[in-house]
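# Working through the structure, step by step
If you want the building blocks of each chain, they are given just below.
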Amino acid sequence: MSNQFRLPEPYGLLLDRKRKVAFTFDGNEYTGYHGDTIASALAANGQMILSRSFKYHRPRAALTYAGQDSNSLVQLPSNPNALADREPIIPSLQITAQNYSGSLENDRDAWIGRIAKFLPVGFYYRAFFKPKGAWEIWSRFIRKKAGLGIIDKAHKPEYFDKQYLFYDVVVVGAGPAGLSAAISAADVGADVLIIDENAILGGSLNYARIDANGTRTGELRRALTSAVEKHQKIDIMVDTICNGWFADNWLPLINGNRLYKTRAGQVLLCTGVMEQPAIFRNNDLPGVLLGSAAQRILHLYGVKPGSNAVILAGNNDGYGVALDLLDAGVNVELIVDLRMAPEFDEIATTVVDHGIRILQGHAIYAAIASKGNRHIRAVDVRPIISDGVCSDKSEIIRCDMLCMSVGFVPAYQLACQAGGRLDYDDEKSVFTLTNLPLDCQVAGSVAGLWDIDDVIDNGKFLGKLAGSADQVLIAAKSTTDKKISSTNYSWPIFPHPKGKEFVDFDEDLQIADIVNAVHDGYEHIQLVKRYSTCGMGPSQGRHSALATARLVAKETNKSVAETGVTTSRPPFAAEKLAHVAGRAFYPARRSNMHHRHIEAGAQMLHAGTWYRPAYYGSQDLKTTAIRREVENVRNNVGIVDVSTLGGLDIRGPDAGEFLNRIYTFGFLKQPIGHSRYALMTNETGAIIDDGVACRLDEHHYYVTTTTGSADSVFHNMLKWNAQWNLDVDISNVTSALCGVNISGPNARTVLRLLCTDVDLDRESFPYMGIRVGTVAEIPARIIRVGFVGELGYEIHVPQHCGEALWDAAISAGSALGIAPFGIEAQRILRLEKGHIIIGQDTDAMSNPMEVQMDWAISKAKPFYVGGRTIVELKEAKATRHLVGFVVRDPEAPLPLECQLVVDNSEVLGRVTSCEYSPTLEKTVGLAYVPPGIASPGKQFTIKGTGGVEIAADVVMLPFYDPENLRQEL
Amino acid sequence: MKLLNCPLNGPRNIAEFSYGGELHTMPNPTMCDSREWAEYVFFDRNEAGVVTEWWMHNASAYWFLAERNTITDEVVRTFPASEMFTERVDSINADKA
Amino acid sequence: MPKIENVAPTNFSRRSQLYRRHVAAGAAFTKASASAVVAAYSGEHNEVHCAAMLGLADLSSLPRIGFKGSDTTHWLEKRIPRLPSRPNLSKSQDDGGTVARLSATEYLVLGNLTDAPSLPAALQDVSIDSSTQRVYPLPRSDSHAWFALTGTYAPSVLAKLCGVDMRARKFANGNIAQSSLAHINAIILRRDLGTTTCFYILSDTSFAEYLWDAMLDAMAEFDGIPVGILALRALENGISE
């Protein structure tokens, strides 16, 4: 028999009964309807138990049918910890229960519950952390028992995405307040988005009872939802969770695989309330559920949750539940009303008229379980003597379900994230939310309103204010009194000598655990949470925060208001990392010649955001390839892509003065057609960049920067001139230009074939000269610079002509054997020449004196950034110098960057660069060492890989061509 | 995410901006003593209250100033740097002779 | 469609960073200002129809130029009749081109979609005396790649990549946003073609391949495809077939 507990229409608002859906749960086949959740479809087939509890392995069924508790966590094939009362069934879905050994019905680990008294709060902290190291051993066993669900490692990635949304007003929650608010906000012209985590609009109007004959909610729902659906200015998103509130009304809305980053002018939180369980022995048994949960499963899913009910009421809502159950053909055996002398409303009076037995001033002292705690069998009802205390006069009433209607907590989480303060009136058991920003307000029951007409009026009123963004009125309204009423019974907590009165179902925490945490000295609510783990489970204290606060308040002789609740941080509900990650974005920069490198067999690497060729050839021949590239530059001619270098045009009458202030050198008297080394320091005197400054004409300098620093140098320059107001323009032309460096003794020969309008003779175009002409008929800036220490020309052309330039140069040099070289070869070549790389051979503290660059500092000019500090540093005692060294033993392992220079156990410095030099046929490098061993002839020890000590001799820089003959050829 | 009102581009997500540090006034680098200079280079006032800060809108490389309350994180005002720096600084040595 | 003279991108020294992708997608190219621009791609699609729904075109080969400096507004006023009155606004010009104002003192001049002479070329040739005029040309043809995102779904695609509200009623024709697009800086300006919504997107040339791929990925859910310049010309001339 299937769907034997299903009720006929109109029950089952969410169901499409024409579409049957077959699925399996723990290997058994079930059928439900489209629109069912896993939990509702199982309940319709009589399967109530969904999981075993985290600690004691007790059977658990859905408590809320609203996806708000962890009792309903199940395993989907590629998704552990899915909420069975939220997850829809889909055809052939294979669901398994979690956290049992053996079977869900007969869990071999259920014995743990019987030793609960030996597992007091803080047990793990106290039992397994001594002696030192014990946890490492214990954790292996404990971890096996802890944790829920299984990760599917074979899971195929899915496409998750993000999207921005913008609205004048976003209404969170589509119950009566939210729907009313959306309509009135849209009516005054605002663009409105209304979202709800459920599959349809309506909120409590879909299941609650607000009148005796049970028709009013349906009428209101149809009227409000159709008005919202028809409204041109309202967008609707259902099945959507607002998982947090962030600054300036920034809301992450999750729907399916997409995260909507939503910016709202005004936010209205109509998030409603969450019903709370009563705390008594065995309050976790399957069959014990919230009154609203019974109403949800009846009305939304058409499932009869039992046949013989007892209702525990602390308010009149319990009587509405009774009427709903009676209408559905469920026998209501008894209503246990905690109140001594309740004020009955129309609904409760109707229940009395039905002749239902009602016991006032009574409590459920304990629920009584069937074998193995699998279901509720009866309740032990006793008179209340005082708060939480019952007399011994017990009456056992048989039942197969128990509905709890004892009070509600506002869904305050988003409001508190927005800055709202949650207060509690201990006298009246009423919550209030105050202190909200003017552009984020609460409406409806979350604001403490209970009467349906008040809720709708409040929604309409605030909706209109939000729609017109009338902050003056909003401010005024927050000072007016609202008709706040309470449905909360003040103390629905009944300790039992045998325990198992669960405060937190996620973590299996009982009354004694909270009380003992306080007695152990953790008196603050935040400490109680961390010590006991109360509220740290998947439901994040949604059903335990109030009870915990009440217990802690009582134990510490404070009010609940003083005790408060723990901070509510985003995310509100569990979210996947994939939602946070979204699509993968890896912005990468390519020069115009990029594909020519690939075609030439280059191994590309990431240099900052750029792709650059490391070397050309297969990976197994890396060393040979790099060496061949080095030798070809030294002996013939090579070509390297230098497009990644930054380029800045500095133009205007003050261009020279500006450079004078920005760089350490002097530039005012720099001749046109000449380039000059440019070293940049910051105000602490540390080196931050270098390049060459080329003077193209009186008012125009072209400055290069290191790869990766173009933006920061550019921004730094703009910031300085925002203060100086010099008559100068600073433009970043990095990507406008693409460049190559043709280097080697045959460089001029190659360039002559490409360039006829510039006199390339050594005398007329000397080292450090710059010329403007054409290369391969492409307009070009040609600079005679030599980072690698050979005759070389850097040719900068418009970016889109880069590939054409490359082709022309390769073609022109082919007869000579021109070959491309990558940055690996370039690093060796520049090291042989003793040129430093900023950021590799310098750190955030390196000043020019330390790296032997005093020569790059102008002593004549009055000011440059960092100048004053450098004066101070020069007077201070030097602590280190960057020196060149040669590894003494040719067989020694290659020292690596950042390996230490040591003297026995004392750290003296570190290696910054080290390579085998094919040209010099020895290993050379740069290292920071103390002044005492910084002069040529001194020696030091490097602690190499594996602790090998490597002897090194300090030598004069550069290693190669100290007379600079090669680059001036 | 917080919004910041760029004087050139209007209100934008704060992720579109770079922080440029507190606004400091440089003492005369040739006249001031070492302590004064060191405090200028290394110390932020780090006040609890309204401070003036440099911010840059990344996409337009536009620097501006913001007055921000460090207690509430409220940005009181943003304005172009030209409102504060109106004159050409001819000589950094002469400004405090 | 008019008959086009097919050219190869490698016939020219100036080549879009993306020409290999266009070739691989079966593009036919036409000449535009000493470079090749995609005329149309091979395939079953009616590109004009697709572009009206959602298309992406690479206009990087077309001419454009920037100017900035304190005298720029005054200098351009004498050369361009319709100058945008405030920053982050653009105006269409008689030659079919567009002038965008990026700040009080900076402008971007975009050419038209034909191979006919256009403003950027004319302005490029004007010599400026740097000692008397604070007008500094900017090599926007090379510093920035230029894409056009067209069609009904274009704002929806931008909503996945950019944190600025670009829905039609909030971001009118002519509006400019300098913002972050797919995590890189970009200038996005709305420049409708006839009655079809169109956004010109300019971003750092070196990111062209990254951005092209990121945009096509974002367009996939709306069935957006690359389109050639012929489809754009047709939309601009009001041919909606």
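In the block above lies the structure referred to throughout.
Computed from a predicted model, the values in this text were never measured in an experiment. (Residues numbered from 1 in each chain as written. Chains lettered and ligands numbered in written order. Predicted model: local features only at pLDDT ≥ 70, side-chain atom pairs only at ≥ 80, totals over all residues. Heavy atoms only, no water.)

Looking now at the pattern of salt bridges. Under the definition given, this model contains 70 salt bridges over all chains. One salt bridge in this structure joins Asp-161 of chain A and Arg-258 of chain A, with 3.5 Å as the shortest N-O distance. In this pair, Asp-161 of chain A sits in strand 8 (residues 161-172) while Arg-258 of chain A sits in strand 13 (residues 258-269), placing the two residues 97 residues apart along the sequence. Of the residues examined, Asp-161 of chain A reaches a relative accessible area of 3% and is grouped as buried. Assessed through its relative accessible area of 13%, Arg-258 of chain A is described here as buried. Two residues, Lys-170 of chain C and Asp-191 of chain A, come together in a salt bridge whose shortest N-O distance is 3.9 Å. (Salt bridge = Lys/Arg side-chain N within 4 Å of Asp/Glu carboxyl O. Helix = DSSP H or I, 4+ residues; strand = E, 2+ residues; numbered from the N terminus. Buried < 20%, exposed > 50% of the residue type's maximum accessible area, 1.4 Å probe, protein only.)

As a further point, take the environment of Val-330 of chain A. All names here are of chain A. Assignment of secondary structure puts Val-330 in the loop between helix 7 (317-327) and strand 17 (331-337). Separated by 21 residues in the primary sequence, Val-330 and Ala-309 place their C-alpha atoms 7.0 Å from one another. Aside from chain neighbours lying at most four places away, what touches Val-330 is Lys-304, Gly-306, Ser-307, Asn-308, Ala-309, Leu-325 and Met-401. (Contact = heavy atoms within 4.5 Å.)

Every contact between the two is made by 41 residues of chain A and, on the other side, 44 residues of chain C. It is Phe-166, Phe-585 and His-800 of chain A in chain A that bury the most area against chain C; as a group they hold 20% of the surface buried on that side. In this structure, the connection of chain A to chain C is made through 13 salt bridges. Applying the counting rule to chain A against chain C returns 30 residue pairs in polar contact (both at pLDDT 80 or more). Of all the secondary structure elements, the ones that give two or more residues to the side of chain A that touches chain C are strand 8, helix 17 (594-599), strand 37 (729-732) and helix 22 (802-813) of chain A. Ranked by the residues each element gives to the side of chain A that touches chain C, the list is headed by strand 8 of chain A, at six residues. (Buried area = accessible area lost by both parts, 1.4 Å probe. Polar contact = N/O pair within 3.5 Å; in protein donor to acceptor, adjacent residues only side chain to side chain.)

Attention now moves to the sheet that holds strand 44 (residues 900-903) of chain A. Residues and elements named next belong to chain A. Taken in spatial order, the six strands line up as 43-46-45-44-47-48 and close into a barrel, and their pairing is antiparallel. Here the average twist between neighbouring strands, direction ignored, is 45 degrees. Looking at chain direction, strand 47 (residues 939-943) and strand 48 (residues 949-955) are connected through five bridges and run antiparallel. Bridging from a neighbouring strand, Phe-940 pairs with Ala-952 of strand 48. Each of strand 45 (906-917) and strand 46 (922-929) is contacted by helix 23 (residues 823-832), which is oriented at about 115 degrees to strand 45, the strand it contacts most. (Pairing = 2+ DSSP bridges. Axes fitted to C-alpha atoms, helices over the stretch in contact; angles between N-to-C directions.)

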